[in-house]
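Below, each chain spelled out in residue letters.
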Amino acid sequence: MSWQIAVDEPLPFELLLPRSLEEALELGYKYAGRAAYLAGGCDLVEQLKLQWSRYEYVINLKTIPGLRGIRAGNGFADIGALTTLSEIDSHPGVREPAAALAQAASRVATPQIRNMGTIGGNLLQDSRCFYYRGPWHCYRAGGVICDARHGISSEHALFGADRCHTVSPSDTAPALVALDARAFVRDASGERAMPVAELFVPPAENIRAMHRLHPGQILTRIRVSARKGRRSAFIKYAQRAAWDFAIASVAVALTMEGGLAREVRIVLGGVAPIPWRSTAAEEMVESQAITPASIEAAARAAITGALPLDGNEYKVPLVRKLVREALSQVA
Amino acid sequence: MGDDSELTRRSFVRGGAGFASAAGAGAAAVSQLRVLGGRNPERREAFSEVRFKLNGAVVALRAPHHRTLLLALREDLGLTGTKKSCNRGHCGACTVLMDGQPIYSCITLLLDAAGHEITTVEGLARDARPHPVQQGFMDRMGSQCGHCTPGMVLSGAALLARNASPSRDEIRQALSGNLCRCGNYPHEIESLLAAAGVPIPVVTIHETQGATRFKTISPALDARDKACGGARYSGDLGFHPDDPFPRPLIAKVLRCPYPHAEAGAVDDAQARTVAGYRGMITFRDVPGVSGSDRRCLNSKARYVGDAVAAVAADNQYAAQRALELLKVEFTPLPPYPNAEYNLDHGIRAIHGEPVAGFAGPQSADKPTVEFTRGDVERGFQQADKVIEGRYVTQLQCHMPSEPHCCTAWWQDTHVTFWDTQQSVFAARETLARALGIPAENVRVVCKHLGGGFGGKCTDTPGKTLYQCIAALLSRKTGYPVRLEFTMKEELIAEDSRNPFVFYLKTGVRKDGAITAIDCKAIQRTGGYASSGPAVVEVAGEGIINTYRAANYRFRGFSVYTNSPVGGEFRGFGHPQAVFARETHMDEVAEAIGMDPVEFRLRNALHTGETVTLGVAPDVPLGNVASERCLRAGMEAIGWSRWQHPSRKTGRLRTGLGARFSQEHTGRNASDGLVWRDRSGRYHAPLGSGNIGTLAHTGIARIVEEALGVSPGELDVTWADSANCAWDFVTDASRSVHCHGKAMYNAALDLKHQLSKGGGPRADFTPYCDPRVDVNPILDETTGKITRRPEPKLSRHTIELARRIVAEGGVIGLGWYAYNPRVQSWGASFAEVEADMETGQVRVVKLVGVHDAGRVIYRPGAEAQIQGGGIMGLGFAMTEELLLDPHNGFPVNQSLYEYRPPSILDLPELVPVLVEAPDEAGPYGAKGLGENPIFDAAAAVANAIFNAAGVRVRELPFTWRRVYEALKRERRLA
């Protein structure tokens with residue numbers, strides 16, 4: 001990165017305009033390490049301008065037909081990876097089967113960012129830790145220290161940290177994990193589907209990456225399958241109601257069958273390096289009626305195992321409150 | 001500064017480690033600097049042609065691929081209505097519509113506009129008639145500084161296109177991606193309601209007789225230019241054929257990456273290979289300035305971001321490239337970021353002595369400022385209770401919508417600065433002194449300024465003087481040179497609000513009488529003094545005045561640290577002091593079981609009682625409105641609902657809090673000049689800056705009223721040091737009161753001259769009322785006070801007057817020196833809801849009651865209360881430039897992480913205007929620009945105590961801080 005604080009325009013790069021996925025994959029493979037894929041550009045263009053990223057080629061995915069738009073089909077909604085967050089927020093085909101996703105999309109940053117930002121970019125965004133993005137040589141940046149752990153840790157992880165204490169910044173990620181959504185990834189060998197949850201990589205496994213996609217792979221679409229009787233909700237806490245990433249967020253999904261909650265998913269955002277599925281909390285509600293007592297049990301279970309640093313213990317009661325509120329909302 | 005002493009010690013016990021980590025980061029940076037050229041050979045720019053529809057017409061441009069839509073619109077197409085602010089997608093000033101949808105043009109590549117339809121603020125009007133949203137912004141004062149207005153207007157127009165009658169909530173959502181640092185959100189919402197045809201209620205004024213003449217409201221002087229994109233700010237110039245200079249060279253500054261380091265020689269051998277590179281200056285090319293511990297470029301860098309060298313090139317890309325290729329060796333030195341530590345240990349490493357004094361660095365045992373009256377020890381003996389507390393304030397950054405931007409053009413012996421400048425005359429003197437040339441050879445112009453807040457006031461040589469960098473590069477290259485700050489430079493490298501630690505101790509009798517106040521204040525001034533010592537002085541005034549105390553002592557220390565430099569910022573020490581004192585006084589009232597407002601009323605000063613000010617030790621107060629302000633606020637918030645926190649239960653608890661203060665409304669002298677030309681038109685060339693308070697509109701109304709002419713007969717111009725009446729500075733809430741009074745006097749003089757026949761005039765003695773207009777003046781460079789100065793115009797005004805007379809104009813001349821008895825009064829009341837489980841605090845309502853003396857331009861006055869309240873809410877709730885506790889590196893280096901309030905973060909804001917006129921002001925008017933920023937912090941702190949039973953004595957009140965206070969006091973639910 002550039003340490004020059006007077007820099008805020010990019011180095012020259014060549015913008016490549018592939019007409020097909022195959023061409024985009026080929027270009028990604030050809031320029032591996034020297035090229036980035038451009039979707040909404042909300043983060044990439046800023047990174048290029050700060051010269052934190054110095055790619056020589058930018059491969060514009062927006063010129064590829066078919067990557068943008070929502071197709072509500074028989075029992076599922078397919079969301080192209082380049083669909084903007086405001087399209088998702090306002091689409092009736094999403095709101096009904098996937099309320100948590102629409103709510104999450106509507107809580108991202110600002111209207112302008114939602115008009116530009118895509119679901120693919122929102123899912124695959126990089127860590128927002130200010131040490132990692134600043135002039136520090138932290139673990140994630142290839143160093144041997146977590147500066148936040150010894151410095152300012154108010155934004156950092158309660159769960160799942162391993163040397164690095166960054167958090168998953170995405171609002172839509174917990175929602176899609178809670179909805180058991182599937183991600184479709186294209187590479188040279190073709191297209192394969194995986195649970196959205198498997199897109200994300202914890203620092204214990206790879207401390208330099210937030211997701212599992214490699215150069216030469218492109219996230220093409222997300223599929224949310226409808227489930228009869230499913231209810232879902234997303235709630236985000238941030239110090240400011242616009243722009244801010246979540247201090248903590250939660251997505252909850254469950255299906256009511258005969259007064260009992262089934263297939264309960266409780267997924268936390270902003271408190272772990274990946275969208276954090278709290279199975280302990282889920283178990284408190286699974287196959288139970290949603291009552292004040294089961295809600296409280298889940299809220300308490302959600303914070304078990306939290307390992308706060310000096311500055312982020314305040315997130316613990318926030319998580320408890322989030323789980324309580326989200327479950328109350330779907331009850 | 002917020003570190004407790006234990007943490008501080010730890011970081012210094014581990015000084016080696018902290019230092020090593022600083023060196024590590026820097027070493028990496030330096031090694032990267034060295035290898036850049038090799039690893040990143042010059043890249044060829046890739047060009048393409050792009051076609052898109054722009055404001056209804058197809059345009060075709062050939063541009064490099066890395067060009068953003070924002071730069072193309074502004075620089076290639078001259079559409080500078082689209083503003084450049086953060087340039088990173090964190091503010092919304094660059095908003096344009098793409099196919100009708102608002103987007104940020106600063107993070108959109110130009111090539112991505114291909115085939116789309118782009119609408120800018122210039123494209124909204126139809127048949128030269130403003131768009132209804134633009135008309136709404138003109139009619140409802142939707143603009144303060146106006147820099148965020150084009151983006152707001154476009155977001156608003158997009159909303160109305162899909163929803164013709166939006167609710168307030170829908171409007172707030174639609175505008176939530178547009179930051180307004182003036183905090184003009186309530187008026188922006190009203191502007192859209194007006195555009196949608198919804199009637200809007202008006203604010204009540206607690207007025208006194210005589211107000212009627214200022215009842216009619218018309219749009220502000222430059223409302224149309226701001227709403228329609230025609231207002232050209234400093235950074236907009238150079239892209240239109242009718243601008244005063246051609247496209248300028250772009251300067252970039254090499255800034256030190258360490259908190260404390262010695263820079264070696266700077267080598268630009270590699271930079272010279274960059275096409276378009278024009279030259280470099282370094283600390284070796286910059287002379288020292290007497291009376292300042294700082295130069296515009298420094299070899300010893302004293303904070304992260306300190307300027308070392310600068311380059312100029314044909315465009316920003318080449319300038320950046322050249323900057324990266326400069327070779328410089330930094331020798332890091334141990335950083336000393338903590339003021340209390342530096343004072344306790346007498347750290348001399350930064351400037352030879354630890355304390356910044358008015359006359360330069362001084363020893364740790366000598367306070368920068370000391371005020372005493374009576375004997376505090378005796379006062380404490382007379383007390384029934386003695387209450388002590390420690391209060392901490394944070395580093396707040398101005399973050400104006402328009403970044404600092406100066407274009408300097410050195411032609412022969414003269415330099416012109418088109419600068420982002422509040423105070424063109426003070427800047428002219430200061431810059432001339434720093435450059436070693438006569439002030440007559442310097443001109444400073446600033447027609448539109450995108451927010452100042454004290455951060456763009458070059459009134460002392462202790463400021464950054466970045467303008468000199470542009471001037472010296474212009475002299476070297478022969479071209480106009482522009483230096484425009486990035487958002488990171490704005491956050492880190494420019495002056496900010498000094499953090500303080502206050503140790504307060506107050507003695508009180510059971511009946512509520514204060515027997516003594518003792519305060520030790522430690523201010524972190526950062527790497528340089530800047531305005532730090534004067535800020536300590538004003539903070540001291542804030543601590544000891546307002547309440548009656550026979551005994552007081554204030555000792556304030558401005559302490560050098562290796563951290564960002566603190567200086568002038570709206571309120572100038574008062575916001576920090578008012579937070580500390582008003583939180584403390586709440587604790588004093590609590591200790592004797594008295595209602596906090598009752599306690600304030602009991603101790604508030606009355607008309608004729610004396611206060612101590614830097615300019616004079618014993619000033620008898622003019623028209624005091626303390627009781628009126630407090631009672632109006634009690635009514636507006638419903639203070640009768642107040643209940644002691646011990647009676648509150650439940651997880652969510654509400655609380656009420658109050659704060660009160662006395663506030664200065666000006667300083668120093670102003671000239672006034674009003675004239676009539678041969679055709680019979682009247683002219684008011686205002687010397688005060690156009691910083692968004694709309695003071696120019698207020699002063700124009702004063703002049704019109706005094707002359708008895710209608711608005712159509714008066715031409716108003718402003719802020720050009722070559723063509724305006726001299727004014728000392730534009731800060732200290734002084735424009736309408738001080739410059740307004742001088743212009744009022746000039747108008748009376750003109751009437752008198754015209755009644756005499758208006759012949760040519762050789763005598764340039766200004767008119768003033770010796771009873772109220774002639775007052776002590778403090779010379780801030782010498783510290784000398786002239787108790788009764790001679791009313792005399794500055795040479796600038798006399799020169800201008802001569803020119804006008806020679807052209808056959810009839811002139812009226814006026815003068816006024818700030819009368820320190822004119823203090824205004826303010827109270828605020830907050831209602832909060834606190835979550836006892838999490839520490840989340842929501843401000844539900846904020847009432848700001850302010851004595852404006854006389855309300856001259858009502859929309860402007862209420863907007864100052866709302867906008868100051870909102871900026872104060874940022875100070876109270878979210879804003880802080882965080883420094884790493886070990887080495888003082890700024891950590892949250894972006895605007896979104898710094899967290900200024902968005903339009904979605906507003907409580908119900910209730911402005912209340914009180915009139916307590918003082919004859920010294922024009923029609924009785926007092927200043928109002930700064931006072932509302934005191935509204936939030938203490939009132940919210942006291943409301944949090946009232947709700948949750950815990951004191952938060954450190955700003956800002958983030959969820960984390962309140963949670964930790966609840967935990968410490970064992971009050972968590």
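Residues numbered from 1 in each chain as written. Chains lettered and ligands numbered in written order. Predicted model: local features only at pLDDT ≥ 70, side-chain atom pairs only at ≥ 80, totals over all residues. Heavy atoms only, no water.

**Section: the overall build of chain B**
- When its secondary structure is counted, chain B shows 25 helices and 37 strands.
- Radius of gyration (C-alpha) of chain B: 27 Å, near the 30 Å computed for a compact globule of 973 residues.
- Principal axes of the C-alpha set define a box for chain B whose edges measure 80 × 80 × 60 Å.
- Looking at chain B alone, contacts between residues at least 24 apart form 79% of all its contacts between residues at least 6 apart.
- Side chains of chain B carry 109 positive and 107 negative charges; the gap between the two charge centres is 1 Å. (Helix = DSSP H or I, 4+ residues; strand = E, 2+ residues; numbered from the N terminus. Rg over C-alpha atoms; globule rule 2.2 N^0.38 Å. Contact = heavy atoms within 4.5 Å. Lys, Arg positive; Asp, Glu negative; His and termini not counted. Charge placed at Lys NZ, Arg CZ, Asp CG, Glu CD.)

**Overview of the confidence of the model for chain B**
- Looking at chain B, pLDDT values average 93 and 95% of them are 70 or higher.
- For this predicted complex, the interface confidence comes out at an ipTM of 0.98, alongside a pTM of 0.96. (pLDDT = per-residue confidence, 0-100.)

**Section: the nonpolar core**
- Counting residues in hydrophobic clusters, the biggest one holds 251 residues, and the most contacted among them are L101(A), L123(A), V196(A), I222(A), F829(B) and F957(B).
- Excluding its chain neighbours within four sequence positions, the residues that come into contact with V196(A) are L123(A), L176(A), V177(A), A181(A), R182(A), A183(A) and I222(A).
- One finds V7(A), V442(B), A695(B) and I856(B) within the second-largest nonpolar core, a separate group that totals 108 residues. (Core = buried A, V, L, I, M, F, W, Y, C linked by side-chain atoms within 4.5 Å. Buried < 20%, exposed > 50% of the residue type's maximum accessible area, 1.4 Å probe, protein only.)

**Remarks on the pairing of strand β35 (residues 823–835) of chain B**
Residues and elements named next belong to chain B.
- For β35, the buried fraction is high: twelve of the 13 residues fall into the buried class.
- As defined by bridge partners, strand β28 (residues 652–664) adjoins β35 across 13 bridges and the pair is classed as antiparallel. Among the inter-strand pairings, L656 is bridged to a residue of β35, identified as E831.
- The pairing of β35 with strand β36 (residues 841–851) spans nine bridges and is antiparallel. Note on β36: the bridge partner recorded for A830 is L846. (Pairing = 2+ DSSP bridges.)

**Looking at the environment of L260(A)**
Residues and elements named next belong to chain A.
- With respect to the secondary-structure elements, L260 resides in strand β11 (residues 260–269).
- Each C-alpha atom of the pair L260 and A173 lies 26 Å from the other, and the pair is 87 residues apart in sequence.
- If sequence neighbours within four positions are ignored, L260 has contacts with T255, S287, Q288 and A289.

**As for unusual backbone geometry**
- Cis geometry is adopted by the peptide bond preceding P956(B), which originates at L955(B) and carries an omega value of -15°.
- Its place among the elements puts P956(B) in the loop between α24 (935–948) and α25 (959–968).
- A positive phi angle, near 65°, is found at R163(A), a position not held by glycine.
- Of note, R163(A) is situated in the loop between α8 (147–150) and α9 (172–178).
- A residue is classified by how much of its surface remains accessible, and R163(A), at 38% relative accessible area, is partly exposed.
- With phi around 55°, Y923(B) is a residue other than glycine that occupies positive phi space.

**Considering the interface of chain A and chain B**
- Each partner contributes to the interface: chain A provides 64 residues, whereas chain B provides 90 residues.
- Here chain A and chain B share an interface that buries about 6900 Å² over both sides, 56% of which is from carbon and sulfur atoms.
- When the buried area of chain A at its contact with chain B is split by residue, W3(A), I5(A) and W243(A) rank highest and sum to 12% of it.
- On inspection of chain A and its partner chain B, the count reaches ten salt bridges.
- Between E837(B) and R320(A) there is a salt bridge, and its shortest N-O distance comes to 2.8 Å.
- Linking chain A to chain B there are 38 residue pairs in polar contact (both at pLDDT 80 or more).
- Among the elements of the structure, β1 (14–16), α2 (44–49), α6 (111–116) and α12 (315–330) of chain A are those that each provide at least two residues to the side of chain A that touches chain B.
- Broken down by element, the residue count for the side of chain A that touches chain B peaks at six residues, all from α6(A).
- Class assignment for the residues of the side of chain A that touches chain B results in 33 nonpolar, 13 polar and 18 charged. (Buried area = accessible area lost by both parts, 1.4 Å probe. Salt bridge = Lys/Arg side-chain N within 4 Å of Asp/Glu carboxyl O. Polar contact = N/O pair within 3.5 Å; in protein donor to acceptor, adjacent residues only side chain to side chain. Nonpolar A, V, L, I, M, F, W, Y, C, P; charged D, E, K, R; others polar.)

**Quick look at the pairing of strand β3 (residues 57–60) of chain A**
All names here are of chain A.
- Burial of the side chains of β3 extends over both faces: Y57 and I59 are buried on one face and V58 and N60 on the other.
- Here β1 pairs with β3 via three bridges, running parallel. When the sheet's bridge partners are listed, L16 is paired in β3 with I59.
- One ladder, built from four bridges, connects strand β2 (residues 35–38) with β3; its direction is parallel. Looking at the pairing, L38 lines up with N60 of β3.
- A crossover links β2 with its parallel partner β3, the connecting element being α2, and its sense is right-handed. (Right-handed = clockwise from strand over helix to strand, strands pointing away.)

**A few points about the packing of aromatic side chains**
- For the structure on display, the rule yields 22 aromatic pairs over all chains.
- Pairing F371(B) with F554(B) gives two aromatic rings, centres 6.3 Å apart and planes at 35°, and the pair type is tilted. Linking F371(B) in strand β15 (residues 369–373) with F554(B) in strand β24 (residues 552–560), this pair joins segments that are 183 residues apart in sequence. You'll find F371(B) and F554(B) in the same group, each marked buried.
- Site record: aromatic cluster; members linked through ring pairs are F130(A), Y131(A), W136(A) and F889(B). (Phe/Tyr/Trp six-rings, centres within 6.5 Å; stacked < 30°, edge-to-face > 60°.)

**Looking at the pattern of salt bridges**
- For the structure shown, the criterion picks out 85 salt bridges over all chains.
- The residue D78(A) makes a salt bridge to R221(A) at a minimum N-O spacing of 2.8 Å. Here D78(A), found in strand β5 (residues 76–80), pairs with R221(A), found in strand β8 (residues 218–225); they are 143 residues apart in sequence, far enough to count as distant.
- A cluster of three or more residues bridged by salt bridges with shared partners is formed by E296(A), R300(A), R320(A), K321(A), R324(A), R651(B), D835(B) and E837(B).

**A closer look at the sheet that holds strand β4 (residues 101–104) of chain B**
Residues and elements named next belong to chain B.
- One open sheet accounts for five strands, arranged β2-β1-β5-β3-β4; its pairing is mixed. Two strands bound the open sheet, and with one partner strand each, they are β2 (57–64) and β4. Along the sheet, successive strands turn relative to each other by an average axial angle of 45°, direction set aside.
- Here eight bridges tie strand β1 (residues 47–54) to β2, and the two strands are oriented antiparallel to one another. By the bridge assignment, F47 is partnered in β2 with P64.
- Together, β3 (95–98), β4 and β5 (117–119) form the strand contacts of helix α5 (residues 149–162), whose direction differs from that of β3 by roughly 30°. (Axes fitted to C-alpha atoms, helices over the stretch in contact; angles between N-to-C directions.)

**Observations concerning the packing of helix α4 (residues 132–139) of chain B against α5(B)**
Residue and element names in this part refer to chain B.
- Contact pair α4 / α5: the axes reach a minimum separation of 9 Å and the direction vectors enclose 130°. Overall, the two elements α4 and α5 adopt an arrangement that is oblique. Crossing handedness for the pair α4 and α5: right-handed. Here V133, Q134 and F137 of α4 come into contact with α5, specifically with T149, M152, V153, G156, A157 and L160.
- Looking at side-chain class alone, the contact of α4 with α5 contains six nonpolar, three polar and no charged residues. (Parallel < 35°, antiparallel > 145°, perpendicular 65-115°, else oblique. Left-handed = near helix turned anticlockwise from the far one by under 90°.)

**Looking at helix α19 (residues 695–707) of chain B**
All names here are of chain B.
- Helix length check: α19, at 13 residues, gives a terminal C-alpha distance of 18 Å against a target of 18 Å (1.5 Å per residue), a fit within 8%.
- Counted residue by residue, α19 has twelve buried out of 13 residues, so it is predominantly covered.
- Among the residues of α19, A695, H696, T697, G698, I699, A700, R701, I702, V703, E704, A706 and L707 are the ones counted as buried.
- Two residues or fewer after α19 comes G708, characterised by a positive phi angle close to 75°. (Expected span 1.5 Å × (residues − 1).)

**A closer look at the state of the cysteines**
- Inspection of the entire model under this criterion finds zero disulfides over all chains.
- Cysteine C724(B) is unpaired, with the sulfur of C446(B) as its nearest cysteine sulfur at 11 Å. (Disulfide = S-S within 2.5 Å.)

**Things to note about the side chain of H65(B)**
- Tracing the backbone shows H65(B) in the loop between β2 and α3 (69–76).
- The exposure class of H65(B) is buried, given its relative accessible area of 5%.
- For H65(B), the side chain forms a polar contact with the main-chain nitrogen of L15(A), separated by 2.8 Å.
- Beyond its immediate sequence surroundings of up to four residues, H65(B) is in contact with F13(A), E14(A), L15(A), A46(B), F47(B), S48(B), L109(B) and L111(B).

**Focus: the packing of helix α22 (residues 858–877) of chain B against α24(B)**
All names here are of chain B.
- The N-to-C vectors of α22 and α24 enclose an angle of 55°; their axes lie 6 Å apart at closest approach. Judged by the inter-axis angle, α22 sits oblique to α24. Crossing hand, α22 versus α24: right-handed. Taking contact as the criterion, the partners of I865, G869, G872, L873, F875, A876 and M877 in α22 are, on α24, D935, A936, A937 and V940.
- Here the residues of the contact of α22 with α24 sort into eight nonpolar, two polar and one charged.

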